[in-house]
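A structural walkthrough
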Number of protein chains: 2
Amino acid sequence: MYAGEELIVDAEGCCAELLAEMRSVRAVCKKIVEELALQIVGEPQWHQFPFPGGVTGLYLLTESHLTCHTFPELRLATFNLYCCRPRPRWQWSAELAESLGAKQVRVRRVPRGLLLESATGAAVGDDDLWSLPPGSMRNEID
Amino acid sequence: MYAGEELIVDAEGCCAELLAEMRSVRAVCKKIVEELALQIVGEPQWHQFPFPGGVTGLYLLTESHLTCHTFPELRLATFNLYCCRPRPRWQWSAELAESLGAKQVRVRRVPRGLLLESATGAAVGDDDLWSLPPGSMRNEID
């Protein structure tokens, strides 16, 4: 029951001023959508939090969703891109360095909807701890 | 640079009919929001995909976001709850069994925004593979 992959992207050491203004963050999301040919449903939802807060953006996609939150006080931007269909890779590290001044970008790839039985070979009861089998969750610097 | 925790919840073996109708899925999200006292910003965004598709819901929160996608053909519902502030636990397994007929619920807890240097003790270069230190990402059945 594989239902696509979610990318969890944390970009650290960004320029606080860029993270605080919606224009720069929207431009990043616009580029992601265009270059990965994502299909937006309806209107993206954006919110500017009061100083010293950042911005949040949510995109409902036919492929699932793209979200972005910025934390200027931490110089941090976090993105989720959940695609239930395969998409080409995007150069998160280079792109976020250029657009937001990110010093370090971590991309985690999380498969969604893997049946527990098929992954572990046995049913797993409630409240048991469970570890993903090797290779089913990958953490990397992109 | 810890910026909260994201819960990645996959509920499998659900009732396909319930996953296909927006009313039942919205009711689940409403309950999550109410019982965890989440603060919605603006209007939640919902979309019904054409048969045999499911529904998607996105909530912009002051705490970050809640998202939900359903895949009736896979009997699967996937949720993300990203909270940049601590919240009480929710009984995902019991609640989703009751509301959507889920047979198996997996909850993965992903910390956001951990600085790579502080987690590994060394700077990590672009394109290096990197594994989370033990305990920094937990996979469990809730």
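Reference entry: report on the structure contained in this document. (Residues numbered from 1 in each chain as written. Chains lettered and ligands numbered in written order. Predicted model: local features only at pLDDT ≥ 70, side-chain atom pairs only at ≥ 80, totals over all residues. Heavy atoms only, no water.)

**Here's the deal with the packing of helix H2 (residues 22-35) of chain B against helix H3 (residues 92-100) of chain B**
All names here are of chain B. Defined as follows: Every axis corresponds to a line fitted to the C-alpha atoms, with the helix fit spanning only the stretch in contact, and the corresponding angles, defined between N-to-C directions, vary from 0 to 180 degrees. A helix here means a DSSP run of H or I that spans at least four residues, while a strand means a run of E at least two residues long, and both kinds are numbered starting from the N terminus. Should an angle lie under 35 degrees it is considered roughly parallel, over 145 roughly antiparallel, and from 65 to 115 roughly perpendicular; all remaining angles are considered oblique. Left-handed is the label given to a crossing in which the near helix is rotated counterclockwise from the far helix by less than a right angle, and right-handed is the label when the rotation is clockwise. It only takes one pair of heavy atoms within 4.5 Å for two residues to be counted as in contact.
Close contact between H2 and H3 brings their axes to 10 Å; oriented N to C, the two are set at 150 degrees. With respect to H3, the element H2 is oriented roughly antiparallel. When the axes of H2 and H3 are compared, the crossing they make is right-handed. Where H2 abuts H3, its residues Ser24, Val28, Lys31, Ile32 and Glu35 lie against Trp92, Glu95, Leu96, Ser99 and Leu100.

**Quick notes on the pattern of salt bridges**
This is how the line gets drawn: By convention in these notes, a salt bridge is any Lys or Arg side-chain nitrogen within 4 Å of a carboxyl oxygen on Asp or Glu.
Evaluated as defined, the whole model comprises 20 salt bridges over all chains. When the shortest N-O distance is used, the salt bridge between Arg112 of chain B and Asp10 of chain A registers 2.7 Å. Of this pair, Arg112 of chain B sits in the loop between strand E6 (104-111) and helix H4 (116-120) while Asp10 of chain A sits in strand E1 (residues 5-12), on two different chains. Between Lys31 of chain B and Glu35 of chain B there is a salt bridge, with its nearest N and O atoms 3.7 Å apart. Here Glu35 of chain B and Lys31 of chain B lie together in helix H2, a separation of four residues that amounts to about one turn. Each of Glu6 and Arg112 of chain A together with Asp10, Arg106 and Arg108 of chain B takes part in one network of salt bridges that share partners.

**A word on H3 of chain B**
Side chains that are three or four residues apart share a direction in an α-helix, a result of its 3.6 residues per turn. All names here are of chain B. For clarity, the threshold we go by: In this scheme, a residue with accessible area under 20% of its type's maximum is buried, one over 50% is exposed, and one in between is partly exposed, where area comes from a 1.4 Å probe on protein chains only. Directions from the helix axis toward the C-beta atoms define the arc.
Taken residue by residue, H3 has Trp92, Ser93, Glu95, Leu96 and Leu100 as its buried positions. One side of H3 holds all its buried residues, which, seen down the axis, span an arc of 165 degrees. Here the buried face of H3 lies against strand E1 (5-12), helix H1 (16-20), H2, strand E5 (76-83) and E6. Directly beyond the C-terminal end of H3, a positive phi value near 75 degrees is found at Gly101.

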